[in-house]
Protein chains: 2
Amino acid sequence: MNVDSKKIDAFLVELLTQVGENLREDSIKKMSVGTKKNRNDLVTNFDKKTEKFINTRIKEAYPEATIVSEEGYGDLVKDMSGLVFFVDPIDGTMNFVKRGDDFASMIGVYIDGEPLIGAIIDVMDNEIYHGGKEIGLFIDQTPIDIPKNLPLIEGLVDISAPMALANKFDVQEVVKKSSGLRVYGSAGIIFGHLLTGKEVMYMSYLAPWDLAAGRVLCEAAGMSVVSIDDSPINMLESQVVIVGTQKVASEALKTLKAR
Amino acid sequence: MNVDSKKIDAFLVELLTQVGENLREDSIKKMSVGTKKNRNDLVTNFDKKTEKFINTRIKEAYPEATIVSEEGYGDLVKDMSGLVFFVDPIDGTMNFVKRGDDFASMIGVYIDGEPLIGAIIDVMDNEIYHGGKEIGLFIDQTPIDIPKNLPLIEGLVDISAPMALANKFDVQEVVKKSSGLRVYGSAGIIFGHLLTGKEVMYMSYLAPWDLAAGRVLCEAAGMSVVSIDDSPINMLESQVVIVGTQKVASEALKTLKAR
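How each quantity is defined
Residues numbered from 1 in each chain as written. Chains lettered and ligands numbered in written order. Predicted model: local features only at pLDDT ≥ 70, side-chain atom pairs only at ≥ 80, totals over all residues. Heavy atoms only, no water. Contact = heavy atoms within 4.5 Å. Buried area = accessible area lost by both parts, 1.4 Å probe. Salt bridge = Lys/Arg side-chain N within 4 Å of Asp/Glu carboxyl O. Polar contact = N/O pair within 3.5 Å; in protein donor to acceptor, adjacent residues only side chain to side chain. Nonpolar A, V, L, I, M, F, W, Y, C, P; charged D, E, K, R; others polar. UniProt positions renumbered as here; feature names shortened; annotations may be inferred. Helix = DSSP H or I, 4+ residues; strand = E, 2+ residues; numbered from the N terminus. Buried < 20%, exposed > 50% of the residue type's maximum accessible area, 1.4 Å probe, protein only. Least-squares fit on C-alpha atoms with pLDDT ≥ 70 in both. Phe/Tyr/Trp six-rings, centres within 6.5 Å; stacked < 30°, edge-to-face > 60°.

## A few points about the interface of chain A and chain B
Listed as interface residues are 26 residues of chain A and, on the opposing side, 26 residues of chain B. Across the interface of chain A and chain B, roughly 2500 Å² is buried in total on both sides, 48% from carbon and sulfur atoms. Contact with chain B buries surface across chain A, with Lys98(A), Arg99(A) and Leu165(A) losing the most and accounting together for 28% of the total. Ionic pairing is found between Lys198(A) and Asp101(B), a salt bridge with its closest N-O pair at 2.9 Å. Counting the contacts that link chain A with chain B gives 16 residue pairs in polar contact (both at pLDDT 80 or more). Looking at the side of chain A that touches chain B, its residues break down into nine nonpolar, seven polar and ten charged.

Next comes the structure, spelled out in structure tokens:
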């Protein structure tokens, strides 16, 4: 299949710019709602409304594509053939609800199973990380300096809190060998940290829409994206994933007790 | 002793504005230094240089004051009588070194042992949280909306990573009763989150300079600042401290096994 990567990239940037504007408005509305029950309903509505908006725009621009998305407005996708868009309308919902910052919206595009283009908007900072292996990586219009291949001891790691606290897979051993643990609570925000060298590893249990955009971008930056038992990543299932510099991912796989 | 709180507040804001400019330059210089050893020396130098700069300016403006500070340029302070300035030149040193963001510089001022004025600059965002009980609380020139007295279940908690991972004092029970754990790695940055309602509790082992400014600001915002065994805060010693909404601090004290 012939696809124009640059065109898809430009489409995603334009779309997420609009999504960012809407979500910043939604974030203010959310604050003004009185009771907790109403607030929770509203947040679910924001998630659904945003996904509907994104999926509709994708279907208009790429009617041949299939969509895998979180809130149920996507397609029933059984294989990765053709053009597949993965959509996470609000990533870091708890941060959206409780903090009003450090949440993201993400779209990852794959062609016949291969990572093509990813785009992530840090909504409150209004910065879009986007691009792919073919066309390069950017924050808005600025090319990203590819981060160094640092070893574990030289960087901070970000691990989902439940996993870190329960010491799943002996993950606290990985923390001990690193510069320290951070927990930011949104995959999209953390992918941004990895792409700018602020952190060297992310580990979490991720659904396809949590991982898709970040995988495209981090692989294009020369990083490793591996499942915890070193089996191939399956983009149609959830799995525990390590994303990090090549050195860190290799050290982590050796340290973790996953098998 | 008669002191002009507004004048001290204005002095701190002006001083931290200058410190912020210097540290943003230092952060760029740091990145360009080649070897790790040189980099570590440089960071230590930035810490010392910044403290020297701050302490010199305090001594010029308030020669009668005593200074408690991290890097050794302060006074040997044995009691809290008179005007005492607590100085943390770079708070979140690991974030400064590894991330280049989410670090702070903090000054807390006490009079005869009573919290008077605090000021914290989020260096990379260039925002100063400042004020006190008497004069009110501000981010730069904008008054802070006092955060709601939320219960634990409604908010995110930030706990030092080593404490959370080791489940010290059964602290993971507190996490389970909350909306979730975040780890941002800088007391100053987290005090900013508490003051804007983004998080409802911070717990860590803090030295006097780590706590001083945040204690002034959070108490002025109606929050609780308590030692983990509910004994009075001692500003001349390090201790495990809980800072949070009144409801959260009370729930945490009941939940933790500290005695």
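Right, picking up where we left off after that structure.
## Thoughts on the UniProt feature "binding site: Mg(2+) 2" (unreviewed entry) in chain A
All names here are of chain A. When the UniProt feature table is mapped onto this chain numbering, "binding site: Mg(2+) 2" (unreviewed entry) sits at Ile-90. Within the element layout of this structure, Ile-90 appears in strand β2 (residues 83-91). A relative accessible area of 1% means that Ile-90 is categorised as buried. Those residues in contact with Ile-90, other than ones at most four positions away along the chain, are Leu-23, Phe-46, Asp-47, Glu-70, Phe-96, Phe-103 and Ala-104.

## Overview of the environment of Met163(A)
Residues and elements named next belong to chain A. Relative to the helices and strands, Met-163 is located in helix α4 (residues 161-165). The class for Met-163 is buried, based on a relative accessible area of 6%. Separated by 42 residues in sequence, Met-163 and Tyr-205 have C-alpha atoms that sit 8.5 Å apart. Beyond its immediate chain neighbours, meaning those up to four positions away, Met-163 contacts Lys-168, Phe-169, Val-171, Met-203, Ser-204, Tyr-205 and Val-240.

## Examining the relation of the copies chain A and chain B
Superposing chain A onto chain B takes a rotation of 180° plus a shift of 0.0 Å along the axis, which leaves an RMSD of 0.0 Å. The relationship between the two copies is best expressed as a two-fold rotation axis. The C-alpha atom lying nearest the rotation axis in chain A is that of Val183(A); the distance is 2.3 Å.

## Side note on the packing of aromatic side chains
In total, this model carries 13 aromatic pairs over all chains according to the counting rule given. Residues Phe11(A) and Tyr62(A) carry aromatic rings whose centres are separated by 5.4 Å and whose planes lie at 70° to one another, so their mutual orientation is edge-to-face. Taken together, the residues span a long stretch of sequence, with Phe11(A) in helix α1 (residues 5-32) and Tyr62(A) in the loop between α2 (36-61) and β1 (66-69) at a distance of 51 residues. The pair formed by Phe11(A) and Tyr62(A) is uniform in burial state, with each residue classed as buried. Plain terms: the ring middles of Phe191(B) and Tyr202(B) are 5.9 Å apart, the flat faces sit at 85° to each other, and that makes the pair edge-to-face. One end of the pair, Phe191(B), is in helix α6 (residues 187-195); the other, Tyr202(B), is in strand β10 (residues 201-206), and eleven residues separate them in sequence. Here Phe191(B) falls in the buried class, since its relative accessible area comes to 0%. Within the aromatic cluster, the residues linked to one another by ring pairs are Phe11(A), Tyr62(A) and Phe85(A).

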